[in-house]
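The lines below spell out each chain.
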Amino acid sequence: MEVQILCTKLIKPSAPTPPHLRTLKLSPADQIQYSIKTATLFYYSADSSTGTEEIERRICRLETSLSETLTRFYPLAGRIGRYIKDGNWVDCNDEGVEFFVAKVNGCRLSQLLSRRNEMIDQLVHLAGGGFTSSVASVQMNMFECGGLVIGVRVSHHLFDAFSAANFLTSWARTAISRQAGIDDDHEVLVWPTFGLTSLLQANDLPEIKPIPPLMGTDNSETKRIVFDGAKISALRAISHGPSFPRQPSRVEVVTALIWRARMGVSRAKHGRLRTSLAAHSINLRPRIVPPLPPSSCGNLQSRVTTRFAPDGEVEELPELKDLVGLLMDSFTKSKETFVTREDAFPTLLQKRNELHEAIEQCKVDVYMFTSWCRFPFYEVDFGWGKPVWLSRTHSAFEAATLLDTEDGNGIEAWVSFNKQDMPLFLQDRDVLAFSSH
């Protein structure tokens, strides 16, 4: 697969950002994020109308609707890096979002979709702007068959997954509205709120400890592990304990399976079963009182950490349902725990510090998880249908990201581990029995 960039331009907001919004103070949670631009790819099948003229119309629609959307999501058109003042501010200068138009040669979209697992290392070429100074970038990739892939990157210093979903949903709705000849529809479009620092004022913040070295591009490998709906139903059946207050969720059983398989890899490396933590990102917004505005953008994800400690000299891996029970208990307690606006950032930073301290302890294994399940990414329709697939790209972080499958019943786990650990992980009996890769 060869990706040829045909043109590059900057898409600016359709109306200038007002002077009083020209600077955005990064919240404490924004400042501690890694300096990466998270990539998400949306795949759209060809149809009978996808000729040259239609492709041109689609490019125009994407550009126009993006420009209009940026008037609401104005920080995305600003700049970070050399434009940050004192390290805490973003210059919302309307410089623009990078927009690439690319042609894909030597591969039909159907061929890519039929070889998804083999193509992971090449998907990064469909998401441009990974190492440029822009806050966000978009790449529209045209296949010879008429299929399209839209790659979107957004800086993690500004957006978490919740915020990214709001932006993409608003952009798609704007495109649909313009196609139908409808002006701004306040009931349909997403109107975001920025400035979490002013909404969540805190007097006493804990000291921010240094970020541990989680990255290692040369040593990490990414695989796509698919758990279809039927396999997950089977997993839930064997993972349900008689004392459980409810059925375990899809995310809980898949997390437990991956966690257990990672424990097996660790035991093989160290010759014994070690204490380990499963750390899951969660959206903190529903747990804040009084509630925030519904589309508050920025970084507000905390961690739910579940601990497993081996019992004495026992070297057998725990039963899957035991790990599921631990995870259910952690998630349930998290959902029942609320924080005030004043305590939101201190709580988030304290959880982060505790996790990073655990990572630095050589005797404790820490496994990172993020779930994008139930986020409306499969609803991102710009006017030519919903995506037939959603993907990430190769990641340098040792972590597992959980995505919905196309039908919404299964889970795709995008796992990135050390290259030396991956083969043993893929040979785990439960990974083999309940997934495809």
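Predicted, not measured: the structure shown is a model, and the values here were computed from it. (Residues numbered from 1 in each chain as written. Predicted model: local features only at pLDDT ≥ 70, side-chain atom pairs only at ≥ 80, totals over all residues. Heavy atoms only, no water.)

**Q** Would you explain the packing of aromatic side chains in this entry?
**A** Each aromatic ring pair is characterised by the separation of its centres together with the angle its planes make. Inspection of the entire model under this criterion finds 17 aromatic pairs. Ring geometry for Phe167 against Trp171: centres 5.9 Å apart, planes inclined by 25°, an arrangement best described as stacked. In this pair, Phe167 and Trp171 are both assigned in helix α4 (residues 161–179), four residues apart and thus about one turn of the helix distant. Per residue, the accessibility class of Phe167 equals that of Trp171, and both read buried. Between Trp171 and Phe382 the ring centres are 4.8 Å apart and the planes differ by 70°, which places this aromatic pair in the edge-to-face class. Here Trp171 is found in helix α4, whereas its partner Phe382 is found in the loop between β13 (364–371) and β14 (389–391), with 211 residues between them in sequence. One Lys or Arg, Arg72, reaches over the ring of Trp191 and ends 5.2 Å from the middle of that ring. The ring of Trp372 carries Arg392 above its face, with NZ or CZ at 4.5 Å from the centroid. (Phe/Tyr/Trp six-rings, centres within 6.5 Å; stacked < 30°, edge-to-face > 60°. Helix = DSSP H or I, 4+ residues; strand = E, 2+ residues; numbered from the N terminus. Buried < 20%, exposed > 50% of the residue type's maximum accessible area, 1.4 Å probe, protein only. Lys NZ or Arg CZ within 6 Å of the ring centre and 35° of its normal.)

**Q** Please explain the environment of Lys363 as it appears in this structure.
**A** Relative to the assigned elements, Lys363 resides in the loop between α9 (341–360) and β13. Given the relative accessible area of 65%, Lys363 is considered exposed. Distance in space between the C-alpha atoms of Lys363 and Ser276 is 8.7 Å, their sequence separation being 87 residues. Leave out the neighbours within four places in its chain, and Lys363 touches Arg274 and Thr275. (Contact = heavy atoms within 4.5 Å.)

**Q** Quick question: what am I supposed to make of the sheet that holds β14 here?
**A** One key point about sheets: their strands pair by backbone hydrogen bonds, in either a parallel or an antiparallel sense. Spatial ordering of the open sheet is given by β1-β5-β6-β7-β3-β14, a layout of six strands whose pairing is mixed. Every other strand in the sheet has two partners, leaving β1 (2–11) and β14 as the edge strands with one partner each. Sheet twist, expressed as the average angle between the axes of neighbouring strands with direction ignored, equals 20°. Relative to strand β5 (residues 97–105), β1 runs antiparallel, the two being bridged by nine bridges. (Pairing = 2+ DSSP bridges. Axes fitted to C-alpha atoms, helices over the stretch in contact; angles between N-to-C directions.)

**Q** Looking at this structure, I do not really get the state of the cysteines. What am I missing?
**A** Each disulfide consists of one covalent bond between the sulfur atoms belonging to two cysteines. Going through the model one piece at a time under the given rule, you end up with zero disulfides. The cysteine Cys60 is free of any disulfide, with Cys7 supplying the nearest cysteine sulfur at 12 Å. The exposure class of Cys60 is partly exposed, given its relative accessible area of 44%. Of all cysteine sulfurs in the structure, the one in Cys107 sits closest to Cys145, which takes part in no disulfide; the separation is 8.3 Å. (Disulfide = S-S within 2.5 Å.)

**Q** Help me understand α4 in this model?
**A** Helical periodicity: at 3.6 residues per turn, an α-helix aligns residues three or four positions apart in one direction. Taking 1.5 Å as the rise per residue, α4 with 19 residues should run 27 Å; its terminal C-alpha atoms sit 27 Å apart, in good agreement. Of all 19 residues making up α4, 15 are buried, and the element is well covered by its neighbours. Following α4 by one or two positions, Gly181 adopts a phi angle in the positive range, close to 75°. (Expected span 1.5 Å × (residues − 1).)

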